[in-house]
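Observations on the model geometry
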Amino acid sequence: MCQYPWLASNEENTLAPNSSRVGAVLNCVAHPEFGNAFEMKETSDAEVLVDSELVTHKTHTVKEISTVAKTHQIEITGALEDAREVVTKLTGAMDENNRMIEQVEISKRNASLAINNAFETLQQTLEERKKTLLSELEAISLSKTTALTLQKEQFEKMIGDIGHYTDLASHILQTHTDHEIVALGGLIPTELQATLKRVQTISLTPNQESSITVSHLDVHISSQGGARYHVKIQSKTSKGEECPHGGVEVKGEMRSKTHNGAVVYGEVEDHRDGTYTITLTPQTAGPHQLLITMDGHHVQNSPNDLDVRPIRDCRILCKRVIQCLWPTCVAIHDNGDIYVASNDHCIYVFDQTGQLKNTIGSRGSGDGQFSYPCGVSIKGDVLYVADSGNHRVQKLTSSGKFLHKFGQQGSGQGQFDWPDGVIIDSNNKLIVSDIFNHRIQIFNVDGGWLLTIDGKGSGNHSFRSPEGLALDPQGNIHVAAFGSNTIKVFTKEGVYVRMYGDPNHPSGIAIDDEGYSLVSEWGGHCLSIYDPEGNKIHTVGNLKQPWGTALDPRDGSVFIPNYGANTVLKYCV
């Protein structure tokens, strides 16, 4: 503590009488422990520094407290900023650490799955290889056994022939007269010598090689699930006789001439009677070469050139699910947009990835409004909607702008009682199914009535509750008769052609450019596929009340409104 009065000084940073310092709060640099207890006071003699505890400071440097405080504030603020920066870095490092821990766990799980999958695949591959090797072993064994059996049968026959003549010769010698011996003596030696000469022409060494050859090769296309080729082979012995045994090693393959020589190997069925069937399913269209071998040797007509057509084989390659409330029908725009009629009283528009782009319409009876729309079709940028609950058809732009409407409830020409399917033919005629009037009506694009195909009555032409419609490559109209559980076919003039299938309440139908029909079965909860002749060749199950089926003309993808599951399924086939 300073014991002497402060003296006036003109030195910088020392206390000197100054009227501007009166009332200022100061502190002594030499005595920082006293803090800010000093205040400049004015007396009658001179300016002095007064404190309740301290008397005076002499020649000590003093600073105004505000200056010192500001310096400390800057230092504290800087320290806080440094601390925050460090905490931020530590927090980031900790977050990265946690992320890496999670990544390690994910990597561990993925690696574990990969290892398990690899071992399962390896086990499956080894099991398949085991079966193949055992099958080949069986085939080789059977082939060798067959060859040896045939040789044995040949030996037995020759022994029998020789025995026949030797027995006959012994009998003649024992029982016949000299005249009879003279008469028969020339014949028996001749036949016996001929038999012995035949023995000399064959090998007496056991032969394990098959002497089977092929005299017949039949190739045809079956409709059993698509473009499957069935090769039928009838094997024969070297003598030209049909072989009664199987067991020969038969192989078949098809090689593409255009797709980098892609090879498809056939499945061989040995019927154990000397005949074989090889089934091959080429994966690509175009020119192919068919190769058939038996015991490693090419058969007659092998290699054989074939032209494989791009026939739908109905195998599902992928599936995409689009969430959509109560979908009833689908139409595909040229740009790939997906238009879905919904019993939510609107038309949903999705892009190719399944993302919602637009919603057209709302519930009501006004222009551009809908009540339970069940059918939709699009051509160019014009959209046609079967506005079922309002008993009319509306025409809009692809963006949803109202253009035109026609129809009202009734049973007269141009009237409807719940229109459902709506399609457009190559002549821009609009074809509409009229469910509860049990008929099909045909209009021009402006709604002018042209023709009615009446399904009422009895006979092959009749049908009840028609829903889905489709056109085949010949322009015929295929009607999914929901109430008749069949598909009826009519010409564009309305003349009955045929019917096919036994679908369980068919609700939708689409036909590809090869004439294959894809039929949604509301009651069967499946999609049935029929070949152009009307034979069912495939079924896609596990659906829930599927409705109006559609095909993407660009790539053949199949769209199914899975009404009961509130989804639209896209199948790439």
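Refer to the preceding data block for the structure.
Residues numbered from 1 in each chain as written. Predicted model: local features only at pLDDT ≥ 70, side-chain atom pairs only at ≥ 80, totals over all residues. Heavy atoms only, no water.

1. Considering the pairing of strand S17 (residues 346–350)
With five of five residues buried, S17 lies mostly within the body of the structure. Side chains Cys346, Tyr348 and Phe350 project from S17 onto one buried face, and the interleaved Ile347 and Val349 project onto a second face that is buried too. With five bridges connecting them, strand S16 (residues 338–342) and S17 associate as antiparallel partners. The partner of tyrosine 339 across the bridge, within S17, is valine 349. Taking the residues between adjacent antiparallel strands as the criterion, S16 and S17 are bridged by three residues, where histidine 345 takes a positive phi near 65°. (Buried < 20%, exposed > 50% of the residue type's maximum accessible area, 1.4 Å probe, protein only. Helix = DSSP H or I, 4+ residues; strand = E, 2+ residues; numbered from the N terminus. Pairing = 2+ DSSP bridges.)

2. Looking at the environment of histidine 271
The residue histidine 271 is located in the loop between strand S9 (267–270) and strand S10 (275–280) in this model. Note: C-alpha distance between histidine 271 and glycine 246 (25 residues apart in sequence) is 6.8 Å. Not counting residues within four places of it along the chain, the set of residues in contact with histidine 271 comprises Tyr276 and Thr277. (Contact = heavy atoms within 4.5 Å.)

3. Thoughts on the pairing of S9
Inspection of the sheet shows S9 paired to S10 by four bridges, in the antiparallel sense. Opposite aspartate 270, over in S10, you have tyrosine 276 as the bridge partner. Taking the residues between adjacent antiparallel strands as the criterion, S9 and S10 are bridged by four residues, where arginine 272 takes a positive phi near 65°.

4. Some words on the pattern of salt bridges
Applying the stated criterion across every chain, the model contains 13 salt bridges. With its nearest N and O atoms 2.8 Å apart, the salt bridge here joins aspartate 434 to arginine 439. No difference in accessibility class separates aspartate 434 from arginine 439, as the two residues are buried. Two residues, arginine 554 and aspartate 552, come together in a salt bridge whose shortest N-O distance is 2.9 Å. (Salt bridge = Lys/Arg side-chain N within 4 Å of Asp/Glu carboxyl O.)

5. Re the packing of aromatic side chains
Two aromatic rings, taken as a pair, are described by how far apart their centres are and by the angle between their planes. Summed over the entire model, instances satisfying the criterion amount to eleven aromatic pairs. Summarising the aromatic geometry, the rings of phenylalanine 406 and phenylalanine 443 are spaced 5.0 Å apart at their centres and angled 50° between planes, so their arrangement reads as tilted. With phenylalanine 406 in strand S22 (residues 402–406) and phenylalanine 443 in strand S25 (residues 439–443), this pair connects stretches of sequence that are 37 residues apart. Note on accessibility: phenylalanine 406 and phenylalanine 443 belong to one class, buried. Both rings, one in tyrosine 500 and one in tyrosine 530, keep their centres 5.5 Å apart while their planes meet at 65°; by these two values the pair is edge-to-face. (Phe/Tyr/Trp six-rings, centres within 6.5 Å; stacked < 30°, edge-to-face > 60°.)

6. Some remarks on the sheet that holds strand S27 (residues 466–471)
Each strand in a sheet pairs with another by means of backbone hydrogen bonds, the pair being arranged parallel or else antiparallel. With respect to topology, four strands assemble into an open sheet ordered S27-S28-S29-S30, the strand pairing being antiparallel. On the outer flanks of this sheet lie S27 and strand S30 (496–500), each paired with one strand and no other. On average, each strand axis in the sheet is tilted by 25° relative to the strand beside it, whichever way the strands run. As paired strands, S27 and strand S28 (residues 477–481) are joined by four bridges and run antiparallel to one another. Counted as the bridge partner of alanine 470 is histidine 478 from S28. (Axes fitted to C-alpha atoms, helices over the stretch in contact; angles between N-to-C directions.)

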